[in-house]
Amino acid sequence: MARYKLSCRRRVNKERHDHPESPNQLNWDMDIAESRLKNDQTVLAGQTGTLYLCATPIGNLEDITLRVLRVLKEVDLVAAEDTRRTRGLLNHYGINKPLTSYYLHNQKQKGLYLVNRLREGKNVALISDAGTPGISDPGEELVQQALAAGIPVVALPGPSVVLTALSISGLATRRFCFEGFLPRSRRQRRQRIQELAEDSRTIILFEAPHRLIETLTWLLEIWGPRKAAVAREVSKLFEEVIRGNLAEILSHFKSIPPRGEMTLVIEGYVDQTALSAEPAKPLAERIPPVSAPPTEMMATLMQEIGIRAEAGENPKEVIREIARNRKLNRRDLYQTWLSYQQLD
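A short tour of the structure in this document, coming up. (Residues numbered from 1 in each chain as written. Predicted model: local features only at pLDDT ≥ 70, side-chain atom pairs only at ≥ 80, totals over all residues. Heavy atoms only, no water.)

### Observations concerning the overall build of the chain
Of regular secondary structure, the chain possesses 15 helices and ten strands. Here the chain holds 344 residues, and the buried ones make up 38% of them. Summarising the internal contacts of the chain: among those between residues at least 6 apart in sequence, 70% fall at separations of at least 24. Total accessible area on the chain is roughly 19,800 Å²; 49% of this is exposed by carbon and sulfur atoms. (Helix = DSSP H or I, 4+ residues; strand = E, 2+ residues; numbered from the N terminus. Buried < 20%, exposed > 50% of the residue type's maximum accessible area, 1.4 Å probe, protein only. Contact = heavy atoms within 4.5 Å. Areas by Shrake-Rupley, 256 points an atom, 1.4 Å probe, with all protein chains shown as cover.)

Shown next, in the form of structure tokens:
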């Protein structure tokens, strides 16, 4: 670097000797030479800083990785969704670094500030309250800003409530989709559920406790009694997984009010007619006679009606709702229900 600086000054001095009558041109050349020198210094120092996306514990503090701890000790600045919570995490591991907030309502202005710091060569770690930044947490916009500015972005993998809940759900794990939180608007939430009704992949959702029963009710109404699991307080002291079909899980939470962070894992859509080699029969033929035992499909519907009736719902209203949503004949369904009661 010293040699380069000396060569720049020699070139400018030569220009000054050869053309003493043009001082403005020489000043401009000096500015260019110094600018190039500064740019080369930046290049040799790594040009810009790096943005690190650090996955943090979703519950148990021991879930954090050694790599994340090392990076948190080495970066120049930590951007956190909640600085108070992050300060507790850093103090637990004896890390003392400058903190700045980065959350939903300041991400545009603070994103510009962080990108400027990165351009200055500062390394920045972005962390959310739990899990990976940008996944149902602030971070997506900052990553886009950093990449647009030519700043390297490195993700440090770690705890994930999505994958943890999926792995212990007991449902298919080969193909799945993560929808995050459903919309807060009741109309938009119901519309999203309808859009996902024929998705054959295992579906993973986040839901707040105060909306869980309503969401489960709509899932059951629109999707039917699919297999599901609700993972509650994953990696925390009161971790719990409730498994069953949607009707059973809904009944559980109606009797035991939901608390804590909820992750729903739900079986994907299965086309029952595609499973059979025979062509689909007319609806009238698929409804069993009153005296005949119910088919597997009807047995599942009867189970749903029974569970909801035991939970206090009117069986006739439940049958009317199921018949409307699944395009079945209400009277035939009611007669099957009566027959099912007699068989019991």
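Having put the structure on the table, let's press on.
### Topic: the nonpolar core
Counting residues in each nonpolar core, the largest one holds 25 residues, and the members touching the most others are Leu-216, Leu-219, Trp-223, Phe-253, Leu-264 and Ile-266. Elements supplying a minimum of two residues to this core: β7 (202-207), α9 (209-223), β8 (227-232), α10 (246-255) and β10 (262-266). The element contributing the most residues to this core is α9, with six residues. Apart from the residues lying within four places of it in its own chain, the contact partners of Ile-266 are Leu-171, Arg-201, Thr-202, Ile-203, Leu-205, Leu-219, Trp-223, Arg-226, Lys-227, Ala-228 and Leu-246. By size, the runner-up hydrophobic cluster in this structure holds 16 residues, among which are Cys-54, Val-68, Ala-80 and Leu-156. (Core = buried A, V, L, I, M, F, W, Y, C linked by side-chain atoms within 4.5 Å.)

### Examining the sheet that holds strand β3 (residues 99-101)
Adjacent strands of a sheet form backbone hydrogen bonds with each other and so pair up, either parallel or antiparallel. What the five strands build is an open sheet, ordered β3-β2-β4-β1-β5; its pairing is parallel. Bordering the open sheet on either side are β3 and β5 (153-156), each of which pairs with just one other strand. Direction aside, the axes of adjacent strands within the sheet are offset by 25 degrees on average. Sheet strands touched by helix α6 (residues 140-148): β1 (51-54), β4 (124-127) and β5. Its angle to β1, the strand with the most contacts, is close to 155 degrees. (Pairing = 2+ DSSP bridges. Axes fitted to C-alpha atoms, helices over the stretch in contact; angles between N-to-C directions.)

### Here's the deal with the pairing of strand β6 (residues 176-181)
In terms of strand pairing, β6 meets β7 through five bridges, oriented parallel. For Cys-177, the partnering residue across the bridge sits in β7 and is Ile-203. Since β6 and β7 lie parallel, the crossover through helix α8 (residues 186-195) that links them has a hand, and here it is right-handed. (Right-handed = clockwise from strand over helix to strand, strands pointing away.)

### A word on the side chain of Glu-304
Looking at the secondary structure, you find Glu-304 in helix α13 (residues 296-310). When sequence neighbours within four positions are dropped, the list of residues in contact with Glu-304 reads Leu-220, Pro-225, Ala-247 and Ile-322.

### As for helix α7 (residues 161-169)
Regarding α7, the residues found buried are Val-162, Ala-165, Leu-166 and Ser-169. The buried residues of α7 occupy one face: seen down the axis, they fall within an arc of 100 degrees. Of the surrounding elements, those touching the buried residues of α7 are β6, β7, β8, β9 (240-245) and β10. Looking at the residues trailing α7, positive phi occurs at Gly-170, about 85 degrees. (Arc of directions from axis to C-beta.)

### A short note on the environment of Ile-213
Its location among the elements puts Ile-213 in helix α9. Expressed as a C-alpha distance, the spacing of Ile-213 and Lys-254, which sit 41 residues apart in the sequence, is 7.1 Å. The contacts of Ile-213, once residues within four sequence positions are left out, are Leu-250, Phe-253, Lys-254 and Pro-258.

### Things to note about α10
Among all positions of α10, only Leu-246, Ala-247, Ile-249, Leu-250 and Phe-253 are buried. Mapping the buried residues of α10 onto a view down its axis gives an arc of 165 degrees, with all of them on the same face. Backbone nitrogen of Ala-247 and a side-chain oxygen of the N-cap are separated by 3.0 Å at the start of α10; the cap is Asn-245. (Polar contact = N/O pair within 3.5 Å; in protein donor to acceptor, adjacent residues only side chain to side chain.)

### Observations regarding the pattern of salt bridges
Per the counting criterion, the structure on display carries 18 salt bridges. Glu-233 is the salt-bridge partner of Lys-236, the closest N and O atoms lying 4.0 Å from each other. Given the relative accessible area of 25%, Lys-236 is considered partly exposed. Assessed through its relative accessible area of 16%, Glu-233 is described here as buried. Measuring nitrogen to oxygen at the nearest pair gives 3.3 Å for the salt bridge that ties Glu-304 to Arg-308. Taken together, the residues Glu-304 and Arg-308, both in helix α13 and four residues apart, mark about one turn of the helix. In this structure Glu-304 comes out as buried when scored by relative accessible area, which is 3%. When salt bridges with common partners are traced through the structure, they connect Lys-254, Glu-304, Arg-308, Glu-313 and Glu-321 into a single cluster. (Salt bridge = Lys/Arg side-chain N within 4 Å of Asp/Glu carboxyl O.)

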